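# Structure at a glance
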Amino acid sequence: MTTTAADTWVGQRLRRKEDARLVRGAGRFTPDIVVPGALHAAVLRSPFAHAEITSLDVAPALRVEGVVAAFTGADLAGRVGTFVEAAGKEITPQLQALVDVEVKSCPLSPIAHGRTLWVGQPVAVVVARDRYAAEDGLEAIEADYEPLEAIPDPESALRDGAPVLHEELGDNVAARLAMASGDVDAAFAHAPHVLRERFTFGRSAGNAMETRSVQASWDEGRDELTVWITSPRPHLIRTNLSEMLGLPLERIRVIAPDIGGSFGTGLFGEDALIPYLAMTLRHPVRWTEDRQEALLGTRHCRDQVHDLELAYDDDGRILALRDSFLVDAGAYNLYAVTVSYNTAAHLRGQYAIDTFSIEGRNVVTTKAPVAPVRGAGRPEGVFALDRALDLIAAECGLDPADVRRRNLIPAEEMPRPMGMPYRDGAEMVYDSGDYPAQLEQALEAFGYDELRARQAEWRAAGRYVGVGISSYVEGSGFGPYEGAIVRLDQRGNLHVVTGAKPHGQGLETTLAQVCADEFGLPPERITVTSGDTSLLQFGVGTFASRSAVTAGSAVGIASQRLRDKVLAVAGELLEASPADLVIGDEGVASRDVADHSVTFAEIHSAAAPGPKSRLPAGLEPGLAVEYYFVPPTVTFASGTHVASVEVDPETGFVRVLRYLTVDDCGRMLNPTIVEGQIQGGVAHGIGTALFEGVLYDEDCQLLTGSYMDYLLPTSAEVPPIEVGHQEYLSDLNPFGIKGCGEGGAVSPPAAIANAVVDALRPLRINVNRVPLGPETLLDLIAQARALEGGERREEVVS
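Okay, so let's go over this structure.

Glancing now at the layout of surface pockets. In this structure, the second largest pocket encloses a volume near 900 Å³. Elements with a minimum of two residues in the lining of the second largest pocket: helix H7 (154–158), strand S9 (193–205), strand S14 (300–312), strand S15 (318–330), strand S30 (769–770) and helix H23 (774–787). Looking at the lining of the second largest pocket, the element that brings in the most residues is S9, giving five residues. For the lining of the second largest pocket, a count of residues per class yields 15 nonpolar, seven polar and eleven charged.

A few words on the sheet that holds strand S23 (residues 581–583). Spatial ordering of the open sheet is given by S23-S24-S25, a layout of three strands whose pairing is antiparallel. Of all strands in the sheet, those bounded by a partner on one side alone are S23 and strand S25 (597–599). Within this sheet the neighbouring strands show an average axis-to-axis angle of 15 degrees, counted without direction.

Bringing the state of the cysteines into the picture now. What is meant by a disulfide is a covalent connection between two cysteines, made through their sulfur atoms. Applying the stated criterion across every chain, the model contains zero disulfides. Cys 700 forms no disulfide, and the closest cysteine sulfur to it belongs to Cys 106, at a distance of 16 Å. With a relative accessible area of 0%, Cys 700 lands in the buried category.

Attention now goes to the packing of helix H13 (residues 378–396) against helix H14 (residues 400–407). Two elements in contact, H13 and H14, have axes whose closest approach is 8 Å; the angle formed by their N-to-C orientations is 110 degrees. It follows from the interaxial angle that H13 and H14 lie roughly perpendicular. For the element pair H13 and H14, the recorded crossing hand is right-handed. Two secondary-structure elements touch here, H13 through Asp 386, Leu 389, Asp 390 and Ala 393 and H14 through Pro 400, Val 403 and Arg 404.

The next subject is the environment of Pro 369. Structurally, Pro 369 is set in the loop between strand S16 (356–364) and H13. Separated by 251 residues in sequence, Pro 369 and Trp 118 have C-alpha atoms that sit 8.3 Å apart. The residues touching Pro 369, leaving out its near neighbours within four places in the chain, are Trp 118, Gly 297, His 300, Ala 329, Gly 330, Ala 331, Tyr 332 and Leu 334.

Here is what the cut-offs are and how they apply
- Residues numbered from 1 in each chain as written.
- Predicted model: local features only at pLDDT ≥ 70, side-chain atom pairs only at ≥ 80, totals over all residues.
- Heavy atoms only, no water.
- 1 Å grid on protein atoms, 1.4 Å probe; cavity = no way out; pocket = protein on both sides within 12 Å on 5 of 7 lines; lining within 4 Å.
- Points joined across faces, edges and corners; volume = space filled by probe spheres on them.
- Helix = DSSP H or I, 4+ residues; strand = E, 2+ residues; numbered from the N terminus.
- Nonpolar A, V, L, I, M, F, W, Y, C, P; charged D, E, K, R; others polar.
- Pairing = 2+ DSSP bridges.
- Axes fitted to C-alpha atoms, helices over the stretch in contact; angles between N-to-C directions.
- Disulfide = S-S within 2.5 Å.
- Buried < 20%, exposed > 50% of the residue type's maximum accessible area, 1.4 Å probe, protein only.
- Parallel < 35°, antiparallel > 145°, perpendicular 65-115°, else oblique.
- Left-handed = near helix turned anticlockwise from the far one by under 90°.
- Contact = heavy atoms within 4.5 Å.

Written as structure tokens, this is what we have:
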């Protein structure tokens, strides 16, 4: 018998297994699921940001041909519960004992009842034989509203006399947190210099290629509900449906087929509404979001204002940090302190800032609720601190790279406690890395010194070229656990089931690589399945840069244990010690005795229960192992980004010339997939920096309701992205893995903003907000010129 190669599969640049079907159009997405006779739903949405629903008559809709039913919030009252406030329940007593944190309960119903709180909030739903009839039914509904005062931003929500949006909150602060370390007041009182600046990070949206879709079928004979949904967290959806619809978990099956992107988790009204309709009407029901609905309220994100203060010395070394920030949570604070705690935990980044005070408040407004989207609070904090470092560099007459060199955590201090708990309640410790070496690797690869040397020449020629730096850390591999089942069939193929749910991460490939190494068969013999709650009892899902760490470890350990079991059964058949056996292509063979082997089919038969079983004592029947990996806490990935831009001061247009990153995600399972994740994140971050903005007017009417107004970067705006690597393994999981799914999106806004300021140094502009579109930049240029009394002479500064 032949044996497999000794080389490891992990670390190889294998092509993605899933691409074979996806690029051929053979993927199966939720709208592709065809349940015979399914009805179609359409949702009536509020045209006002804040209004009393004075009358709502759906009877005219029922007279439209093809319409089967129509429901309002009043119809759901007492029949469908509010969404489970899962994020608030994740706050452990351990964390509450260490951090001043408060989260107020403010549950959300699937459909508004009596009052609406954002433009686009569901008000009614029509079910019909086809989507056309359902939309016609919406047009027939007679609805009247009494508009109320809109609250467009957190500061308006906090002013005296502002209407309280939810009486149960008492005010408009839905959550707050505060943490401190060291004598902050003394540090500021004795500091040679203090920088104070306000930084605003605008609202954007996670625009996945596929919009949301839900389909549900109720089996009346078995009292079983099946739901197909575009969600990376099918087990969480099942838990919500169980509590909201009053069904046991065992009666609910949630299936997440292929997903065309996500960029973040989320719970939405339709996730519960469509299953309720299927149960009530005893008929399958389907709904797919259109792009306008998506822009109205699916995964809005960011939207923070920071009042940041830094105490520093004459050499640009930071002595203390004080930050007070506001999060515009939208109409409901659905994710407790998930985003705001991420901001606070990651605000200090790679820098040795041990004296700090951070306060954050989540404030409700009359806009769509925000959700954690790629980076989930990290880009906002990184933008504030990295812009502040460049301001300090300017005040001290230093190169921004030198200010960073003087403040980075030295490699010899790793692992380094950071003086606060992480969101899971564990002590926050940067587990591994070399941040100074990372910076130097990035600067050298970029040719930083050479670019600096040419800037005077470019400016003399009328070109405004600048370079910017930003770095980040990212807590990855967030728990509480992830599960996997690894099963060997009689033909010698491995089948992996995982609770993670990929939507572009390449997990079918990377998990197969882990399984291949730990069991001993090549990846082409391994199939990875996910997104079905009937296949795995417990699961968490794919978000927060967690799946490589948690699912990868679960698959790896389950594969090891299955390998041990297979060798044990083979040893019983061959009357040999498992240590003397090796797994090959066709079965198990002796290392030392020629032609002494047993096939996978024979092992499979011997592991079955019954009189022919040859299981060693103490082993359960079957060739499958189920394992759940529980991480002790998060691992910390990191990265340094360098960008160069050219600015046209007459049009305000910014062109990104080059973009380079050096990232550390621990042991890379597949470098090609890692680079794809980082490059996709950088493209997302470029959009956040320069193009993407969810804009409302003073009445909170959405101004960016189509791609004519909400701008996304295209291939013309995104340069080739160069990716360099470090590999500092984590000791918090068996394979040394750290996450990489979000890091690429974290630093681009700061790096690009710093580069723009550097390009326009002769004008001495200050960029303290993103997105930085042409109109915003032209205003800053005009303000800078006005400070000098109009058209001042632009000095050439080398």
